[in-house]
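One-letter residues, chain by chain:
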Amino acid sequence: MTKTLQFARFRDLALLPAIVVLMIVGALVDPVFLSADNLTNVLQQRTELSLLVLGQALVLISGKIDLSLESTIGLAPALALGLIIPASAHGLGVELPEWTAIPLCLLIGVVIGAFNGFLILKLQLSAFIVTLGMLTVLRGLQIGFTEGQNLFEVPLSFTYLGSARWFGLPASVLICLVAFAIGIVALAYFRQGRSIYAIGGNAEAARAAGIRTERVLWTVLIIASLLAALAGLLMTGRLGSVGPAQGQGMIFTVFAAAVIGGVSLDHGKGTLFGALTGVLALGLIENILTLGGVSPHWIQAIYGAIILIALLLARFTSGKAQD
Amino acid sequence: MTAVQATGVTKRYGSTVALDDVGITVEYGESHALVGRNGAGKSTLVSILTGLNRADAGSVTFDDEPAPALADRDAWRRRVACVYQKSTIIPALTVAENLFINRQSLERRSLISWKSLHAKASEVLASFGVDVDPARPAADLTVEQRQLVEIARALSFGARFIILDEPTAQLDGPAIERLFERMRGLQSSGVTFLFISHHLQEIFEICQTVTVFRDARHVLTSPVSSLSTDELVAAMTGDAAGLRVGHTRPSLPADAPVVLSVSGLRSEAFFGVDLSIRAGEVVGVAGSASSGKVELGEAVVGLRKATSGTVHVGQTAVRSGSVPDALKAGIGFVPEDRHKEGLVPTLGVGENATLPIMDRLGRFGAISPTRRRAVAERMINDLSIKTSGPDQPVSGLSGGNQQKVVMARALSSDPSVLVLTDPTAGVDVRSKESLLDVVDQVAAEGTAVLVISDELDDLRPCDRVLVMFHGEVTASFPRGWTDGELVAAIEGVSAEQGADE
Ligand SMILES: Nc1ncnc2c1ncn2[C@@H]1O[C@H](COP(=O)(O)OP(=O)(O)OP(=O)(O)O)[C@@H](O)[C@H]1O
Ligand SMILES: [Mg+2]
């Protein structure tokens, strides 16, 4: 009994040795790597990605998929800002009071998630195609009303969370850690969390066991979108503006991190802790490439190749097939 | 007051009428049997009585109160617990979690204590004689253990009304006995059961009332004690011809060549099995769940790798652990786990039945739909598969009819060796006869047949029956054995010992 428990544990921790190795390699490449500043930087740059991975991992474990997260991370803050800034700054001209920006941003996330849920659960459309369509539509909406422009006039209250430091650490990093901690505990120790695994493993059986599968799935989709909106808020704070391409192309990295971290695309398997280690491993790799002075023209190819190698390594260290 | 009452229930699936204005009344504290041929609508009624499906018409009451809204799953679960015909085990979760699914926090606290959950699960499993570590993923369970976990879950839930849809189809004798003991205990404390089975003797053993469905309609409800087996069969089938008694197959020609030879075959579950079957011979292998008989069959057909020993079909050696090799050598088989290894649920009946012979259905690798249709229609006919046509996805078939599709698939390649594991599990009494007739027919055409089962009806037509016990062949009976001596051998009591007592 203890043996199997340890083994399950071990699969969760499979990436930790890899992370240690990356730390050593990083230190060898450049002494700056181990400095507190650099490491905090790595963490802060990864907060948005990690929130998306958190959301996507929940969705994947429940047996669905949400590609539209990478557009929500751009549209939610952009639309929220659009509603408060004047038309001259590419706003919509509604000019709502400034304090509404953050609640609006999160609300937009909720609405997008709920709409995804409506299409997937009520109309029973394929999650993959629905969210692929939404990915395009949401990005298009953002480009449409901003006319492809950056939104620079961001109120200070809106950038606060993404740029503040609490207890010597970026606030966004702390927010992320709290979000993961809540998620990890909820998925391990709460009935509602376990029901996500049950639904992903066999939705019919879950329903037979008295789980309200539709309600749970809807909640999961909304949480994922909400996390994406939160990530958008943090990203806007970190960068000081919202670009029309904010988040574009992130979804590949989101999947890579989740799968490297042991979340299965075959439903009902994986843990949030694993997903978090996946994000960290990718962040360290990218940082080392940058510090190592790899030509920016090559960084994309090398980064992509390394993700594939990381997938390979994760496959063999965890000893199980990735579906 | 009645525990459950359904009135005027009608349910259609497309053009198929699964239930046509049926009713059932289950009184408090009784064990009520529901019987009918494959596709009669039994499981459909179960899905309506447990709130998984909405009836097109009709009403359901529990304790004379209308059934809860379909969306209120909790309310349904308080009223009725169920072992569904189709497995509802979630393979990726642990055994313990499957057992306590959706009620993992035992004392209504919201935090789950995994330690006490595992302890509690061990207790429940032990009381059902299931010897597995509750912390293992349920994917590791055998078919029988899976079924026992489902039963343990339903019975330990504390419900006052429990539905069991063919709970015994995958269980061996002692496990069935244990289940019945449990049921009697619960019944004396006032629990009501609705019990579905194709083993009619079980109905007479455990139930007081029986309801018969035929072709989606209610035929009769009567006290069990006032019916004979023949009357019951007549009600199910609609004709008076009783069940066949006795079975005659021409005896084997002395010069029939050996087709399947197994020598020194060994794996973790069985040791050094030697076996040879001649053309046209039907050999049975009986044994309890732990006897290794299922594993032996799996090793012969390539589903399992043997650690040593050989399997030959004619002169050709079959590579161990390779199904394609076994198929090529001429072995067809019905696996134990029809959901995992037997069927592709989304594909049509015809496509499933012809999966092993795709290369023979057309030229240059193309598949001719008309040829496939023709083959499929013949099989549907031969095995009396109840379906709306060869294109119906097998997921829409009743459990017993799915089993027949697996059988059709095994037969499709005209195998020279046929290995059948529990071939009649979930198949109704009349279809069982036609299934066994088909086995006779292929044997008569020169196929060597290995029947792995502890269903006495499956074993009776065999030319000889081998008994396995703890991984070894311990006895061999030529045709003409008595039930008593075979059962004694299966349970590990040798015939002499039995005679001494
Ligand atoms: N999901 C579905 N889609 C289409 N047809 C269905 C579906 N479920 C059941 N049916 C049809 O309804 C009829 C009744 O099926 P049901 O499963 O209730 O039979 P059953 O009495 O339980 O049979 P068995 O003894 O084989 O389990 C069958 O003809 C079957 O093909
Ligand atoms: Mg059924």
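What counts, and at which threshold
- Residues numbered from 1 in each chain as written.
- Chains lettered and ligands numbered in written order.
- Predicted model: local features only at pLDDT ≥ 70, side-chain atom pairs only at ≥ 80, totals over all residues.
- Heavy atoms only, no water.
- Pairing = 2+ DSSP bridges.
- Helix = DSSP H or I, 4+ residues; strand = E, 2+ residues; numbered from the N terminus.
- Axes fitted to C-alpha atoms, helices over the stretch in contact; angles between N-to-C directions.
- Contact = heavy atoms within 4.5 Å.
- Near = heavy atom within 4 Å.
- Polar contact = N/O pair within 3.5 Å; in protein donor to acceptor, adjacent residues only side chain to side chain.
- Areas by Shrake-Rupley, 256 points an atom, 1.4 Å probe, with all protein chains shown as cover.
- Nonpolar A, V, L, I, M, F, W, Y, C, P; charged D, E, K, R; others polar.
- Parallel < 35°, antiparallel > 145°, perpendicular 65-115°, else oblique.
- Left-handed = near helix turned anticlockwise from the far one by under 90°.
- Expected span 1.5 Å × (residues − 1).
- Donors = N, O, S within 2.8 Å, 3.2 Å for Na, K, Ca; no water.
- Salt bridge = Lys/Arg side-chain N within 4 Å of Asp/Glu carboxyl O.
- Buried < 20%, exposed > 50% of the residue type's maximum accessible area, 1.4 Å probe, protein only.
- Domains from an automatic or database assignment.
- Buried area = accessible area lost by both parts, 1.4 Å probe.

Caption draft 1: Quick look at the sheet that holds strand S18 (residues 448-452) of chain B. Residue and element names in this part refer to chain B. Pairing is mixed across the open sheet formed by six strands, whose spatial order is S16-S17-S18-S13-S19-S20. With one partner strand each, in any of the chains shown, strand S16 (331-334) and strand S20 (472-478) form the two edges of the open sheet. Direction aside, the axes of adjacent strands within the sheet are offset by 20° on average. By the bridge criterion, five bridges tie strand S17 (residues 417-421) to S18 in an arrangement that is parallel. Along S18, the bridge assignment pairs Val-417 with Ala-448.

Caption draft 2: Molecular detail of the sheet that holds strand S9 (residues 209-214) of chain B. Residues and elements named next belong to chain B. A sheet is described by the order of its strands in space; here six strands give the open sequence S6-S7-S8-S3-S9-S10, paired in mixed fashion. Here the strands that pair on one side only, and so sit at the sheet edges, are strand S6 (81-83) and strand S10 (217-223). Ignoring which end each strand starts from, the neighbouring axes of this sheet average 15° apart. Here helix H6 (residues 173-188) sits on the sheet in contact with strand S3 (31-35), strand S7 (161-165) and strand S8 (192-196), set at roughly 150° to S8. The strands that helix H8 (residues 229-237) touches are S3, S9 and S10; relative to S9, the one it contacts most, it runs at about 30°.

Caption draft 3: Representation of the site of ligand 1 in the model. Residues and elements named next belong to chain B. Inspection of the region around ligand 1 gives 21 residues, with Gly-39, Ser-43, Thr-44, Ser-398 and Gly-400 positioned closest. Between Ala-40 and ligand 1, the recorded distance is 3.2 Å, taken from a backbone N or O atom to an oxygen atom. Contact distances for ligand 1 include 2.8 Å between an oxygen atom and a side-chain N or O atom of Lys-42. For ligand 1, the accessible surface in isolation is 630 Å², of which the surrounding protein chains cover 86%. Counting residues per element, the ones that place at least two in the shell around ligand 1 are strand S2 (16-27), helix H1 (42-49) and helix H14 (399-412). Residues belonging to the shell around ligand 1 are distributed by class as follows: four nonpolar, 14 polar and three charged.

Caption draft 4: Region of the structure containing the packing of helix H12 (residues 250-260) of chain A against helix H13 (residues 272-291) of chain A. All names here are of chain A. Put simply, H12 and H13 touch, their axes get as near as 7 Å, and they point 120° apart. When the interaxial angle is binned, H12 and H13 end up oblique. Both H12 and H13 take part in a crossing whose hand is right-handed. Only Ala-275, Gly-278, Val-279 and Leu-282 of H13 make contact with H12, whose side of the interface consists of Thr-253, Ala-256, Ala-257 and Ile-260.

Caption draft 5: A look at H14(B). Here H14(B) spans 20 Å end to end across 14 residues, near enough to the 20 Å set by a 1.5 Å rise per residue. Of the residues trailing H14(B), Asp414(B) is marked for its positive phi of about 45°.

Caption draft 6: Main features of the pairing of S20(B). Residue and element names in this part refer to chain B. Bridge analysis of strand S19 (residues 464-469) against S20 gives six bridges, and the strand direction is antiparallel. Note on S20: the bridge partner recorded for Val-465 is Phe-477. Between S19 and S20, which pair antiparallel in sequence order, lie two residues; one of them, His-470, sits at a positive phi of approximately 45°.

Caption draft 7: Seen up close, the coordination of the magnesium ion (ligand 2). At 2.0 Å from the magnesium ion (ligand 2) lie its protein donor atoms, namely Ser43(B) (OG) and Gln85(B) (OE1). In this pair, Ser43(B) is assigned in helix H1 and Gln85(B) in the loop between S6 and helix H3 (95-99), connecting sequence segments 42 residues apart.

Caption draft 8: Broad picture of the pattern of salt bridges. Scanning the entire structure with this criterion turns up 26 salt bridges over all chains. A salt bridge links Glu97(B) to Arg194(A), with the nearest nitrogen and oxygen atoms 2.4 Å apart. Taken together, the residues span two chains, with Glu97(B) in helix H3 and Arg194(A) in helix H9 (residues 191-201). A single burial state applies to Glu97(B) and to Arg194(A), both of which are buried. With a shortest N-O distance of 3.8 Å, Asp457(B) and Lys432(B) are connected by a salt bridge. One end of the pair, Asp457(B), is in helix H16 (residues 456-459); the other, Lys432(B), is in helix H15 (residues 429-444), with 25 residues separating them in the sequence. By relative accessible area, which is 35% here, Asp457(B) ends up partly exposed.

Caption draft 9: Seen up close, the domain arrangement of chain B. All names here are of chain B. Looking at the assigned domains, one finds that chain B contains domain 1 (2-89 + 159-237), domain 2 (91-140) and domain 3 (258-347 + 413-490). Facing the six residues of domain 1 at the interface are nine residues of domain 2. The junction of domain 1 with domain 2 conceals about 590 Å² of combined surface from both sides, 44% of it contributed by carbon and sulfur atoms. The largest per-residue losses of area from domain 1 upon contact with domain 2 belong to Arg-77, Ile-89 and Arg-182, which jointly make up 75% of the total buried on that side. On inspection of domain 1 and its partner domain 2, the count reaches zero salt bridges. Our count for the contact surface shared by domain 1 and domain 2 stands at two residue pairs in polar contact (both at pLDDT 80 or more).

Caption draft 10: View of the interface of chain B and chain A. Between chain B and chain A, the residue contacts involve 28 residues of the former and 22 residues of the latter. The junction of chain B with chain A conceals about 2300 Å² of combined surface from both sides, 58% of it contributed by carbon and sulfur atoms. Ranking the residues of chain B by area buried against chain A places Arg73(B), Ile90(B) and Asn102(B) at the top, with a combined share of 22%. Put simply, chain B and chain A have three salt bridges between them. Applying the counting criterion to the chain B and chain A interface returns ten residue pairs in polar contact (both at pLDDT 80 or more). With three residues, the top contributor of residues to the side of chain B that touches chain A is helix H2 (residues 73-79) of chain B. Here the residues of the side of chain B that touches chain A are counted per class, giving twelve nonpolar, seven polar and nine charged.

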